[in-house]
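Chain residues, written in single-letter form:
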Amino acid sequence: MASTDTKILVIGAFGQLGSELVPELVKIYGRQNIIVADIYPNNNTLAASVEELDVVNKKQLEEILRKHSIAQIYHLAALLSASGEQHPQLAWEVNMQGLLNVLDLGVQLGIEKIFWPSSIAVFGPNSPKVKTPQLCIMDPTSIYGITKLAGERLCEYYHYRYGLDVRSLRYPGLIGYNAMPGGGTTDYALHIFYEAISKKSYACFLKEDARLPMMYMPDAIRATIELMQAPVENITVRTSYNLSAFDFTPAEIATEIKKYIPDFKCTFAPDFRQKIAESWPNSIDDSIARRDWGWQEKYTLSTMTAEMIQKISEKENMVVKQI
Ligand code: SER
């Protein structure tokens, strides 16, 4: 656990994950201890201090780490899978150079703990599809997955070579009502709620049977904090932990939403993202996370759907059926 004056830097703080993680960190560690950085910063944050940062710029990162005497880093900045396919070189640069800068400065400045997110995208067409294990053939085909797999190896290397305490989770698709994702293949699972509530129709960019592992954001945030607070001797995986809650297809989530919005109509118009989805697992075996630091999800597809519908309807000022 961080002591009361441990300064924590969140990089990529205004993204989908950062926007939800920062309020939780503020709650746990106190506003004065949380510093946020982003390439597109704004003042809409609970953190004590906001910095503009392009994580590829090592000098800029070093200045921020020194200025605030940072002890822990959550490095969340990255291009996701779909954006990565549009800009492969940029994805490589941001995802790899950014991580390398964080790890290098982590060693140089004696950073006590680092969190870095990996993804189900590290798996590929030859990985087992169902209950994909922690260790198996990993042959990612997206540039995003390639950067995440290489990143995992780097994290492990920095741990064993330099003793850096870097911890990581392979997130499934993340679904939350506060912040919009940007450029991911699993983003449909969030868009579908907004469009079902506002327009009663949604054209999904994946096929109706594209099954993917998913998780509700509050569970993902809790997993992140629990991993970071776990005793160091419990952490046996220094690449990245498999993590899962549930899995569903676009057709299945549409059926769930129809319980609240009976005239909701979901159509399917798969684009290039379908190919990315097809290369990923259908479901994940996360028994090592459960064993090592007690991971246990709270939400199911149906409890998540109930809460998403309620929260988004409130935000959009709409009335939907109660079940
Ligand atoms: N949710 C991410 C994406 O779709 C995967 O980590 O790109």
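For the structure itself, look to the data block above.
Residues numbered from 1 in each chain as written. Predicted model: local features only at pLDDT ≥ 70, side-chain atom pairs only at ≥ 80, totals over all residues. Heavy atoms only, no water.

Colleague: How should I be thinking about a nonpolar patch on the surface in this particular structure?
Modeller: On the surface, V107, Y157 and Y162 cluster together into a nonpolar patch covering about 270 Å² of accessible area. Structurally, V107 can be placed in helix α4 (residues 88-108). (Patch = residues over 30% accessible without salt bridge, like charges linked within 9 Å, V, L, I, M, F, W, Y side chains within 5 Å. Areas by Shrake-Rupley, 256 points an atom, 1.4 Å probe, with all protein chains shown as cover. Salt bridge = Lys/Arg side-chain N within 4 Å of Asp/Glu carboxyl O. Helix = DSSP H or I, 4+ residues; strand = E, 2+ residues; numbered from the N terminus.)

Colleague: What's the story with the pairing of strand β4 (residues 72-75) in this structure? I'm lost.
Modeller: Looking down a regular strand, the side chains alternate between one sheet face and the other. Judged by which residues are buried, β4 turns out to be covered on both faces: Q72 and Y74 on one side and I73 and H75 on the other are all buried. Here four bridges tie strand β1 (residues 8-11) to β4, and the two strands are oriented parallel to one another. Looking at β4, one finds that V10 is bridged to Y74. Strand direction decides the pairing type here: β4 and strand β5 (residues 113-119), joined by three bridges, are parallel. Across the sheet, the residue bridging to Q72 is K113, located in β5. (Buried < 20%, exposed > 50% of the residue type's maximum accessible area, 1.4 Å probe, protein only. Pairing = 2+ DSSP bridges.)

Colleague: Looking at this model, I keep getting lost on the sheet that holds strand β11 (residues 246-248). Mind explaining?
Modeller: In a beta sheet, neighbouring strands pair by backbone hydrogen bonds and run either parallel or antiparallel. Taking strand neighbours across the sheet as the criterion, the three strands line up as β7-β9-β11 in an open arrangement whose pairing is mixed. Unpaired on one side and paired on the other, β7 (173-175) and β11 mark the two borders of the sheet. Geometrically, the sheet is characterised by an average inter-axis angle of 45 degrees between neighbouring strands, direction not taken into account. Against the sheet, helix α7 (residues 217-229) makes contact with β7 and β9 (212-216), and its axis sits at roughly 80 degrees relative to β9, the strand it touches most. (Axes fitted to C-alpha atoms, helices over the stretch in contact; angles between N-to-C directions. Contact = heavy atoms within 4.5 Å.)

Colleague: Can you walk me through unusual backbone geometry in this structure?
Modeller: With phi around 45 degrees, S69 is a residue other than glycine that occupies positive phi space. Of note, K131 is a non-glycine position whose phi angle comes to about 50 degrees, a positive value. Looking at the secondary structure, you find K131 in the loop between β5 and α5 (143-162). Looking at K131, the relative accessible area reads 52%, which means it is exposed.

Colleague: I keep staring at the side chain of T132 and nothing clicks. Help me out?
Modeller: The residue T132 is located in the loop between β5 and α5 in this model. Of the polar contacts made by the side chain of T132, one reaches the backbone oxygen of K129; its length is 3.5 Å. Ignoring anything within four residues of it in the chain, the contact list for T132 reads F123, S127, N242, P281, S283, I284 and D285. (Polar contact = N/O pair within 3.5 Å; in protein donor to acceptor, adjacent residues only side chain to side chain.)

Colleague: What should I look at first to understand the environment of N42 in this one?
Modeller: As for its position among the elements, N42 is in the loop between β2 (34-38) and β3 (49-52). Distance in space between the C-alpha atoms of N42 and F14 is 8.1 Å, their sequence separation being 28 residues.

Colleague: Help me understand the site of the ligand in this model?
Modeller: The ligand sits among L80, S81, S119, Y144, G184, T185, T186 and W280. At 2.6 Å, a side-chain N or O of S119 approaches an oxygen atom of the ligand. Contacts to the ligand include Y144, whose side-chain N or O atom sits 2.9 Å from an oxygen atom. Starting from 240 Å² of accessible surface for the ligand in isolation, the protein chains cover 93%. Its residues assigned to classes, the shell around the ligand shows three nonpolar, five polar and no charged. (Near = heavy atom within 4 Å. Nonpolar A, V, L, I, M, F, W, Y, C, P; charged D, E, K, R; others polar.)

Colleague: Just to check I follow, could you spell out α5 for this structure?
Modeller: In an α-helix, one full turn covers 3.6 residues, which means residues spaced three or four apart are oriented alike. The end-to-end C-alpha distance of α5, which contains 20 residues, comes to 27 Å, matching closely the 28 Å that a straight helix rising 1.5 Å per residue would cover. For α5, the set of buried residues is I143, Y144, G145, T147, K148, L149, G151, E152, L154, C155, Y158 and H159. Contacts made by the buried residues of α5 are with α3 (81-86), α4, β5 and β6 (166-171). Of the residues trailing α5, G163 is marked for its positive phi of about 75 degrees. (Expected span 1.5 Å × (residues − 1).)

Just distances and angles here, no functional claims.
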